[in-house]
Each structure stands twice: as C-alpha cells, then as structure tokens.
Amino acid sequence: MPKAINEGFEAIRKKGSRVVAEGNPMLPAAGLMVATGTLSSVHDRKRPFVTVINSYTTQIPGHVHLNVLGEKVVNALKAKGYNVWYANIGAAICDGIAMGHFGMKYSLPSRELIADQIESIIGAHPCDAWIGIGNCDKIIPAMLNSMVRLNIPSVYVSGGPMLAGRNKSDLITVFEGVGKEAAGKISSDQLAEMANSACRTCGSCAGMFTANSMNCLAEAIGLALPGNGTIPAAAWTDTKALSWVINPERVALVEKAADVLEELLKKKIRPRDIVTKRSIDNAFILDLAMGGSTNTVLHTLALACEAGIDYPLERINLLARKTPNLCKVSPSRPDVHMEDVHRVGGIAAILKAVAEDGRAPLSLDLKTCTGTLRDMVEKAPDADGDVIRTGEKVFSREGGLAVLYGNIAPQGAVVKTAGVEKDMMKFTGRAKCYDSQDLALDAILKGKVVDGDVVVIRYEGPKGGPGMMEMLSPTSAIKGRGIRAALITDGRFSGGTRGLCIGHVSPEAAAGGPIAVIRNGDVIEIDAVKRTLELLVPAGEIKSRLRKLKPFSPRVTGGWLGRYSRHVLSAHTGAVMDNNVLFENSKKKKGS
C-alpha cells in the first residue's frame, strides 16, 4: 500500500475508527459522541463509523439541495447499522457568482482548502469509510483528491446537473448576452430577461462546463457511480411556470451510494486501488470524446499527483490523436445540455461509442467502485446518432482538447478544440497585451480589440493572479461582439468558454515564462492542428527580453491568498501545492 501522508493516517488505514473508539482511554470521546447523537450509548462504539461529508450551501445552485440528499445518505447508512458522522465543509464557491471581480481569485485555491478540510475532519475524527457529497467546479476535484490522499474506503456522489432554462438557455447564454448588449445587438431589458430565465433549478450549470465535466470523469475513473455526471438534479413539475422538484432518480442514486460504500468497506477496496495511470487515461479519453472543459486537465493532473502517479501533460495529445470527438454539449453546441446526454444513455453510452470506434486505448476491465467499467459500458444503449455520433458523423476524428507547445509555452498550454470553429484552428495575428483580466475586458467592451488580434492576458496564473482567475467574461465578450480574435493566457477558462482561447500557458508570467515578454504588435502564430503556439520573434530577442525581465512582485501577500501564491506551482503540474510534489519526491527517494 502507498505510504500515508502522515502517521495519523497510517493508523487510520490500519485500524479505522478503532483509533478513537476502542479502549477505556477513549471513553471520554465516546461520551461526547453520545452528546452529538452519533451514539445512543457508549456501547454502540463497537459498530463501524462512516462519515458523510457534504458541501451544502445556499450560495450555489449546485448545492442548495444537498442538505436533502445528505439526509437521505445518512438515513440509508444508519439503516445498515453504521455509526454515522455528518460534517459540512466550507469554502464552496460558485464560479459564476465569483466571475468578473476579485473574488474569482479564491476559486481555484478553494480546491486546496476543501481537500485540507476533509483531511482535517477525518484525521481528527477517524472513521472506517466516508462518502463525499458535492457539486460544482472546485468541490468535485477537492473531494476526489481527498479520496486518494487519505486512501480509506470512500465514494463520491454529486448533486447532478441543472436543467436548461427557457428556450434551451443556460448561464453562457447570459454571459454572451453581456457582449451582445454592449455591442447594441440586444437591449438591457432583453439581457435581464435572459438572466431571469436561464438558470431556474438546482444543480450544476446545465452545459458541459467544468463541474459537469468533472462529475462525468469521476464515473470514468471509477470513484463515482454510473449516472453521477448526467442524472439531472431536478425534474420539472410545470415547465411553463418553471417549477420543479428534486429529481427522484438523483435521490435514488444518492441512496445507492450507501450500498456501494458498504461493499467497498467489506472488500477493503480503497481509492488508490481504483485510480491508476490507466484509469487517468480513461478519464482523459472520455474528456476528449465529449469535449469537456479545459479545467479538467488541471484537476485530473492534480488527482494524478495526489495519487502519486507521474502523468505527463503531453500524453493527452497522444490520446487525442486516437479518440474521436463524438459528443458536443453547450457551450460547443448551445442547444444540447446534460439532460440530453442522460436521455441517450449518459457517460456509459459515450464510452461505448469510443470502444466501438476501437482506436483509443480505453481500459474497460479496470476496477471501479461498482465493479468494472465494462459492467457499465456493456449495458449502455448504442449511440443515438445526434447527441452521440459514430462513424462518419463524429464531430472530428480527434479529441476535443489539445495541448500546444512552442516558444510561448515550453511546458504546454491547453485549448478546447471542440469549441473552436474550423476556420480558426490556424490563426496568425498581432498581440494586444494586458497584465490583468480587468484591463483586457475593458478594452474588449470599448471596441479596442478587433478582428485579427491575439489578446494576451498574463500575470493571471496560479501564482501571478493569484488563483488563476477564469476568463469567461472576456471570452464571452469577444464571442458576443462577434470579433474574430484569439486569446491566450496563463490563466484559465470557464468550461463555458468557446472560441480560439488558449489557457494554462506554462511557465506562467509570474514564474518568468516567455508569455511575460510578448509585446504589443508582436506576431503570434497558433496552429491547433499541429499543436503549436509560437511567438514570431527571433530566439535571441526573446532571450534578451527574458534577461531584462524584472522579478515578479506578488500582488497579494496577506491572508490565505498570500500563502497560496507562495506555494502553488504552474498549471502544467495541475496547479498543485509545492509540498505535494516534495512529498511524492521524498517517497521516490526512499523507494516507497
């Protein structure tokens, strides 16, 4: 078994709840458990303990119903005779609400805060197994990362995706509407009506954005149940009045998670028995097939790091060459949403179509929390031919994500090719440089960015931002205004971004990366087909500029963001904290 992160978790892996529930010296702790209602009597401590960790909050639509789902899981586990601890973590952030202001800097860092909270909860209150209930962008990867970090029997279950709004609208309809209104294409009243009718149910935003992409990948990796990514959170009771209830199918899935955890505990199956290099391959193959968010690259690399797996970024291109892009969902296809994917068979049907294509190295016999991936795929319906396509009807023979390399991004950059128009796959233009997202957005909305430009937004990486703010506002403004321009950044994009938008440029500007020395008017050549990103400036001139580059001065030094800025690494690592890498390197040196 891989080395535990510390001696406390070494003990928890071996003894589970017995660490805190065995022997007379621990009777004071048992007395406190009686006070919480976890135990009816101190004699009940002989039974196994299971912890339910929820991320319920009323600040995020993907989470507003998780209290109901949490109670369902707790009751199902109690009915099985477990002692159940129920905890709620904080720092859950809605990227859509944090977008466009300083608060977005907290979003990516919250992934680390949430994982650390889960480690703290289980480290201080040892249990035999746990269930994570979450949704939305950073909470999902934080829970998955925690599962492999702690490596005790566990399963993840999500709250499910939101239903599309009126006229098949979603959050991106509104963001792009801002650009349309600024360009005079629609009125302020029309924009307000868009905002009022696009997001009307609980659940993670309705398209193949980051949250839903990660919930789907959790199925392919094997840490979540089939249906986790696509069963809608809600069901309409009156579409005209836009009234709804929590989807009974989602409730049933959550209750089934209790059965799955019971089996994992009985068979002593741990997350690192499931998460391997091949299961990470499976996740990226699914991502490529469905054109998921570029943020999945960031989070899946971080998961690999937490699991002690050396997973090179360039491997994604090898998989992309062999994986067809056979499903497109909003934003790449604005009239198709997660509920449509579920209607035609969900993630299992996508993976079945990939398997039948036969080129991608999909590993169907890998262990999952419910058996094997083959169990799920063989029960799936055939591709419907519209939402999921096969043969000559696929959207492209290659996957919907690509990693670009070149003198701007020696360590890589990521683009969602599934969201790029064919005539923009190759693009050459002159740079317009901005040292923050706010400056770029202001220029775009004021008409200073025109056809043929390459917008360069830098010092927005993990360290530079800090926090690697999402660029949905500027990319949506470009799309909404109808500008034929590209955008490159050491920051990242929302899963709702579409167009020739290249993020995760590494090394980032704050780490002295070449993106820091691009100047206004420099010619940039982008070839998403050949996977290249080049600054057409002589190599000697680039070296000269880099030598003259002044050291980065952190924008934020106080509080949590100040600590994060000092310890986070660039995007090509998954934007993990430096101690993760130091810990894994120390294990390799010791041969563990």
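Residues numbered from 1 in each chain as written. Predicted model: local features only at pLDDT ≥ 70, side-chain atom pairs only at ≥ 80, totals over all residues. Heavy atoms only, no water.

Visitor: How would you sum up the overall build of the protein? Please name residues and give values.
Guide: In terms of helices and strands, the protein carries 23 helices and 16 strands. A compact globule built from 592 residues would reach a C-alpha radius of gyration of about 25 Å, and the protein, at 24 Å, matches this within 12%. Once the C-alpha set of the protein is aligned to its principal axes, its extents read approximately 75 × 55 × 45 Å. When contacts within the protein are restricted to residue pairs at least 6 apart in sequence, long-range pairs at least 24 apart make up 75% of them. Summed over its atoms, the accessible surface of the protein is roughly 21,700 Å², and 52% of this surface lies on carbon and sulfur atoms. Between the mean site of the 73 positive side-chain charges and the mean site of the 60 negative ones, the protein shows a separation of 4 Å. (Helix = DSSP H or I, 4+ residues; strand = E, 2+ residues; numbered from the N terminus. Rg over C-alpha atoms; globule rule 2.2 N^0.38 Å. Contact = heavy atoms within 4.5 Å. Areas by Shrake-Rupley, 256 points an atom, 1.4 Å probe, with all protein chains shown as cover. Lys, Arg positive; Asp, Glu negative; His and termini not counted. Charge placed at Lys NZ, Arg CZ, Asp CG, Glu CD.)

Visitor: Would you mind going over the nonpolar core in detail, with residue names and values included?
Guide: If you look at the biggest cluster of nonpolar residues, it comprises 119 residues, and the most contacted ones within it are Leu77, Ile122 and Ile350. When near neighbours in sequence (up to four residues on either side) are disregarded, Ile350 contacts Leu286, Ala289, Met290, Leu326, Cys327, Val341 and Ile388. Core analysis: the next-biggest nonpolar cluster, separate from the first, contains 32 residues, Val456, Tyr459, Ala509 and Ala510 among them. (Core = buried A, V, L, I, M, F, W, Y, C linked by side-chain atoms within 4.5 Å. Buried < 20%, exposed > 50% of the residue type's maximum accessible area, 1.4 Å probe, protein only.)

Visitor: Provide a residue-level description of the pairing of strand E11 (residues 426-434), including the pertinent values.
Guide: One ladder, built from five bridges, connects E11 with strand E15 (residues 523-527); its direction is antiparallel. What sits directly across from Gly429, in E15, is Ile524. (Pairing = 2+ DSSP bridges.)

Visitor: Residue-level account of the environment of Glu119, with values.
Guide: Within the fold, Glu119 resides in helix H6 (residues 107-124). Since its relative accessible area comes to 21%, Glu119 is described here as partly exposed. Distance in space between the C-alpha atoms of Glu119 and Leu150 is 6.9 Å, their sequence separation being 31 residues. Dropping the residues within four chain positions of it, Glu119 is found in contact with Ile5, Asn6, Phe9, Arg149 and Leu150.

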